[in-house]
Amino acid sequence: MKNSLIILCTFLLFSWNSFAGTDEPRVKVEPPCWWTGLGTDTLQLIVYGDDIASAEVSLKSDQMTIMEVHKAENPDYLFLDLKIFPGAKAGKYPLIFKKGRERIQVDYELLIRANQTDLYQGLNSSDAIYLLMPDRFANGSPANDNQEGMLENANRENPNGRHGGDIEGIRQHLGYMADMGFTALWINPVIENNRPAYSYHGYGITDFYQTDSRYGTNEEYRQLAQEAHDKGLKLIMDMVFNHCDTTQYTVADPPFADWVNQWETFTRSNFRGEVKADPYAANSDITRMSRGWFDTFMADLNQDNPFLMTYLIQNSIWWIEYLGLDAIRMDTYAYPEKGGMAKWAATIKRLYPNFTILGEVWLQKTAHTAYWQAREDNFDGYNSHIPVVTDFPLHYAVYQGLNENEGWTEGLRRMYYVLSEDFLYDDPMNLVVFPDNHDVSRYYTLVKENLDHYKLGLAFLLTVPRIPQIYYGTEILMTGEEHTGHGYIRQDFPGGWEGDTINAFTGEGLAADQLEAQAYLKKLLNWRRTNPVVQQGQFRHFIPENNTYVYFRYTDTGSLMVILNASDKLQTLQMERFREGWGGYSEGKDILTGKTHTLTTELTVPAKTPLILELKK
Ligand code: CA
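1. Observations concerning the coordination of the calcium ion
Protein coordination at the calcium ion comes from Asn-139 (OD1), Ser-141 (O), Asn-144 (OD1), Asp-145 (OD), Gly-164 (O) and Asp-166 (OD), with a distance range of 2.3 to 2.6 Å. Sequence spacing among the residues donating to the calcium ion works out to N-x1-S-x2-N-D-x18-G-x1-D. Residue classification places Gly-164 among the buried positions, given a relative accessible area of 5%. On the basis of relative accessibility, which here comes to 0%, the residue Asp-166 falls in the buried class.

2. What about the sheet that holds strand β20 (residues 538-545)?
Spatially, β20-β21-β22-β27-β24-β25 is the arrangement adopted by the 6 strands of the open sheet, whose pairing is antiparallel. Because the sheet does not close on itself, it has two edges, and the strands there are β20 and β25 (596-598). Averaged over all adjacent pairs, the angle separating strand axes in this sheet is 25°, with direction ignored. Where β20 lies against strand β21 (residues 548-554), 6 bridges are found, and the strand directions are antiparallel. Bridging from a neighbouring strand, Arg-540 pairs with Phe-552 of β21. In this fold helix α11 (residues 413-420) packs onto β20 and β21, with an angle of close to 145° to the strand it touches most, β20.

3. Regarding the nonpolar core
Residues Trp-344 and Phe-460 are the most contacted members of the largest nonpolar core, which totals 185 residues. Here this core gets 12 residues from one element, more than from any other, and that element is helix α7 (residues 306-323).

4. Structural notes on the layout of surface pockets
Of the volumes computed, that of the largest pocket is approximately 650 Å³. In terms of lining, the largest pocket is formed by 29 residues, of which the most central are Phe-294, Thr-332, Trp-362, Asp-439 and His-486. Grouping the amino acids of the lining of the largest pocket by side-chain chemistry returns 13 nonpolar, 7 polar and 9 charged.

5. Regarding the domain arrangement of the chain
Partitioning the chain into domains gives domain 1 (12-112), domain 2 (129-245 + 306-530) and domain 3 (536-616). Distance from the C-alpha centre of domain 1 to the C-alpha centre of domain 3: 64 Å.

6. Quick notes on α7
Taking 1.5 Å per residue as the helical rise, α7 with its 18 residues ought to reach 26 Å, and the 26 Å between its terminal C-alpha atoms agrees with that figure. Among the 18 residues of α7, 17 are classified as buried, and the element is accordingly described as predominantly covered. Capping the start of α7, Asn-305 holds a side-chain oxygen 2.9 Å from the backbone nitrogen of Phe-307, two or three residues further along. Gly-324 sits one or two positions beyond α7 and adopts a positive phi of about 70°.

7. Section: the environment of Leu-38
Here Leu-38 lies in the loop between β3 (34-35) and β4 (42-48). When its relative accessible area of 12% is taken as the criterion, Leu-38 is described as buried. Between the C-alpha atom of Leu-38 and that of Ser-586, which follows or precedes it by 548 residues, the distance is 54 Å. Excluding its chain neighbours within four sequence positions, the residues that come into contact with Leu-38 are Arg-113, Ile-317, Glu-321 and Tyr-352.

8. Topic: the pairing of strand β27 (residues 609-616)
Burial runs high along β27: 6 of the 8 residues are buried. Sheet topology places strand β22 (residues 559-565) next to β27; 6 bridges connect them, and they run antiparallel. Note that in β27 the partner of Val-562 across the bridge is Ile-612.

9. A closer look at the sheet that holds strand β11 (residues 184-187)
One closed barrel accounts for 8 strands, arranged β10-β11-β12-β15-β16-β17-β18-β19; its pairing is parallel. Across the sheet, the mean angle separating the axes of adjacent strands is 25° when strand polarity is ignored. Inspection of the sheet shows strand β10 (residues 129-132) paired to β11 by 4 bridges, in the parallel sense. Of the residues in β11, the one forming a bridge with Leu-131 is Trp-186.

10. Observations concerning the confidence of the model for the chain
Here the chain averages 95 in pLDDT, while 96% of its residues score no lower than 70. Predicted confidence for residues 1-8 stays below pLDDT 50, and this span has 23 contacts to residues more than four positions away or in other chains. When the criterion is pLDDT under 50, residues 15-25 qualifies, and its contacts beyond four places in sequence or with other chains add up to 26 contacts.

Procedures and definitions
- Residues numbered from 1 in each chain as written.
- Predicted model: local features only at pLDDT ≥ 70, side-chain atom pairs only at ≥ 80, totals over all residues.
- Heavy atoms only, no water.
- Donors = N, O, S within 2.8 Å, 3.2 Å for Na, K, Ca; no water.
- Buried < 20%, exposed > 50% of the residue type's maximum accessible area, 1.4 Å probe, protein only.
- Pairing = 2+ DSSP bridges.
- Helix = DSSP H or I, 4+ residues; strand = E, 2+ residues; numbered from the N terminus.
- Axes fitted to C-alpha atoms, helices over the stretch in contact; angles between N-to-C directions.
- Contact = heavy atoms within 4.5 Å.
- Core = buried A, V, L, I, M, F, W, Y, C linked by side-chain atoms within 4.5 Å.
- 1 Å grid on protein atoms, 1.4 Å probe; cavity = no way out; pocket = protein on both sides within 12 Å on 5 of 7 lines; lining within 4 Å.
- Points joined across faces, edges and corners; volume = space filled by probe spheres on them.
- Nonpolar A, V, L, I, M, F, W, Y, C, P; charged D, E, K, R; others polar.
- Domains from an automatic or database assignment.
- Expected span 1.5 Å × (residues − 1).
- Polar contact = N/O pair within 3.5 Å; in protein donor to acceptor, adjacent residues only side chain to side chain.
- pLDDT = per-residue confidence, 0-100.

As structure tokens, this is what we get:
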């Protein structure tokens, strides 16, 4: 992607000296700038300053005008509804606040949009996502590890501390991700999390518009987006609207009492997303789910407040435009007030038709998961408007099934049964499935460090009709149990730090099984990247027998036969049973070994082995 995105968007924080008699900056305006030519002509500015409500506001511009000024319950806020005229020109326009003879001027900037070719591409089942935790991937700039004004310094000895990884480290290794065969990059949040401890994960935002300086600058984030695009990697931004840090300014000093969900005493969410799609759910359970807090320092935002929702919607538009994003991964999608979130998603979809919102719905069952994918026919009329959701039911089934012997519903039949529920989804290909992620035990630990099972599971995940996502380190068999602490499932990627004796980017120092795993995944991903049948094909499967699962992917122009033998015996398949899948073809070439198998009456598959056969006439 080449574009001429030139943005000089300075953050709008101006002195209110004459009012407050102090040098402290006292007026803040968000969003910090905006664009002309968006599919919406309205913009609501939030203005924060000492007794700003008593000021008279005017905007000197023939490109846009103030339609309405809203006062909040808190006199330190104003909300300004602007209308941007068609064909508005870029420029800086004076926004003036007057109290008697005192006056402050904010030059509000409208920008030209970037060349939009190749932007806002969205995700689909041809993609494979690499997920990484930025603090733990690569420290490209040791100079930014500790920053003045930031409350936590780097300390690699602390599993829950900051380790120094950053945007520059990610940028330096985009080539590694592209070579591995990934097509999209999801980074856990890099937005400012300025807390004294346990701030590296990024899910406790303290500034919705600022990249955490220990990760880099907004400009570096934007450069990362451009270079990722240049290397054929789409960029997914991780956003969190359910909650934010209690010190974020609109939370610490809220404009309205109901900006944040309040309880008489601290009340945690029940973490039961199922209640939102349960026709029998008690109202108190739904309220606790939506309005309970995630944690003591994570204020639960109230998405029923229309000013808050506009603040969040505009924040996501701002980042989509600023970075040229392809997708947003929305954290904890089942937690917030769902009406406000549906409005958000519908707005984004209208402005960016190809753009993808990927909702994290961490639920056990297919039926509950399906409720959150965009659809017209939910029992209660709810439509989330988000096209892609996470497939936790299939994630669970993979490692559980691999660890079991075959039973009526156990072993590989566990995966078979979950896929058989796909009729519940509006669009099963638009589900993201994963061996593991940043919140669960590492995949290699989940499959009990069995390399055969590791390979079988990945062969499955990369050939079923889904969008696969791989968590950094899974390619080199990193281990770690969630219950010992999140720090242990988010360890530093070897080779990302100066002085590392093992380098997973070059392979130096990796053990033989790690190199084997990395090469295996690389082969699968690069094949998947160029094979339209695995990306788009229809799916047909056969009830697993002898813990051996046979399924096909097929289009008008090609077919794949996948055989996963998870048993500890060589299996001889009687091919007649599978004829409806392979009929019309005479042989199949295994994409892993290159070996050609003749499709006659019998096919033998060694114990604990996947075969992925491209069928030939
Ligand atoms: Ca660093």
